[in-house]
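# Structural features, examined
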Amino acid sequence: VIMGVKGTGKTKQMIDLINTAAKDASGNVVCIERGPKMTYDIHYKIRLVNSGEFAMHNYDFLKGFISGLHAGNFDITHVFIESLYKLIGEDRATGEAFVAWCEEFGAANDMRFTITISDEPAQASEAMKKYL
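Residues numbered from 1 in each chain as written. Predicted model: local features only at pLDDT ≥ 70, side-chain atom pairs only at ≥ 80, totals over all residues. Heavy atoms only, no water.

Attention now goes to the nonpolar core. If you look at the biggest cluster of nonpolar residues, it comprises 28 residues, and the most contacted ones within it are Ile 32, Leu 62, Ile 66, Ile 81, Leu 84 and Phe 98. Every element with two or more residues in this core is listed here: β2 (28–33), α2 (59–72), β4 (76–81), α3 (84–87), α4 (92–109) and β5 (112–118). Not counting the four nearest positions on each side in its chain, Ile 32 is found in contact with Val 49, Ser 51, Met 56, Leu 62, Phe 65, Ile 66, Val 79, Phe 80, Ile 81, Glu 82 and Leu 87. With eleven residues, the next largest nonpolar core counts Ile 15, Ala 21, Val 29 and Phe 80 among its residues. (Core = buried A, V, L, I, M, F, W, Y, C linked by side-chain atoms within 4.5 Å. Buried < 20%, exposed > 50% of the residue type's maximum accessible area, 1.4 Å probe, protein only. Helix = DSSP H or I, 4+ residues; strand = E, 2+ residues; numbered from the N terminus. Contact = heavy atoms within 4.5 Å.)

Here's what the structure looks like:
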């Protein structure tokens with residue numbers, strides 16, 4: 001998890017990580033974002049998903065969406081999620097549970113997750129701090 005308030009460079013760091021993954025990953029890389037902001041910043045091999053096209057409004061939908069991506073393509077090695085709270089909402093407890101789910105799902109399916117969250121890192125719970 002990359003956490004910080006607006007203007008701290010989370011998106012720039014995410015773009016760098018995505019482009020590195022495009023070069024180094026042995027499988028496919030997916031990036032989920034709200035809107036097409038990163039279209040011209042990331043490598044063309046990355047599957048960019050505009051969450052607005054799929055009405056992602058809750059964490060259960062996002063879990064199902066990621067599970068469906070994996071079911072359709074077992075070669076996905078990394079999933080990037082840009083601005084989780086803007087994508088779904090700022091419910092910290094549910095967001096924390098989603099990040100824990102990503103860790104479990106990733107471990108079970110040999111996938112890595114990188115998630116940005118616009119929030120003050122000092123306000124993160126102890127459970128969330130282990131992902132920072």
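What follows covers the packing of α2 against α4. Where α2 meets α4, the closest approach of the two axes is 11 Å, and the angle between their N-to-C directions is 15 degrees. Considered as vectors, α2 and α4 are oriented roughly parallel to each other. When you trace α2 past α4, the crossing you get is right-handed. Contacts between α2 and α4 involve Tyr 59, Leu 62, Lys 63, Ile 66, Ser 67 and His 70 on the former and, on the latter, Thr 94, Gly 95, Phe 98, Trp 101, Phe 105 and Asn 109. Taken together, the residues of the contact of α2 with α4 sort by class into six nonpolar, five polar and one charged. (Axes fitted to C-alpha atoms, helices over the stretch in contact; angles between N-to-C directions. Parallel < 35°, antiparallel > 145°, perpendicular 65-115°, else oblique. Left-handed = near helix turned anticlockwise from the far one by under 90°. Nonpolar A, V, L, I, M, F, W, Y, C, P; charged D, E, K, R; others polar.)

Here the structure, examined in full by the defined rule, presents five aromatic pairs. On the numbers, 6.4 Å between centres and 20 degrees between planes, the contact of Phe 61 with Phe 65 is stacked. Of this pair, Phe 61 and Phe 65 both sit in helix α2, four residues apart, which is roughly one turn of that helix. By relative accessible area, Phe 65 is classed as buried at 15%. Considering the side-chain rings of Phe 98 and Trp 101, the 5.9 Å spacing of their centres and the 25 degrees angle between planes classify their relative orientation as stacked. Placement of both Phe 98 and Trp 101 in helix α4 is noted, with a separation of three residues, approximately one turn of the helix. Here Phe 98 and Trp 101 have matching classes, each one buried. An aromatic cluster of at least three residues, connected via ring pairs, comprises Tyr 59, Phe 98, Trp 101 and Phe 105. (Phe/Tyr/Trp six-rings, centres within 6.5 Å; stacked < 30°, edge-to-face > 60°.)

Along a regular strand, successive side chains alternate from one face of the sheet to the other. Across the six residues of β4, five count as buried, placing the element largely inside the fold. Examined bridge by bridge, β2 and β4 share five bridges and lie parallel to one another. Within β4, the residue paired with Cys 31 across the bridge is Phe 80. Sheet analysis places β4 next to β5, joined by four bridges and oriented parallel. Paired with His 78 across the strands is Arg 112, a residue of β5. (Pairing = 2+ DSSP bridges.)

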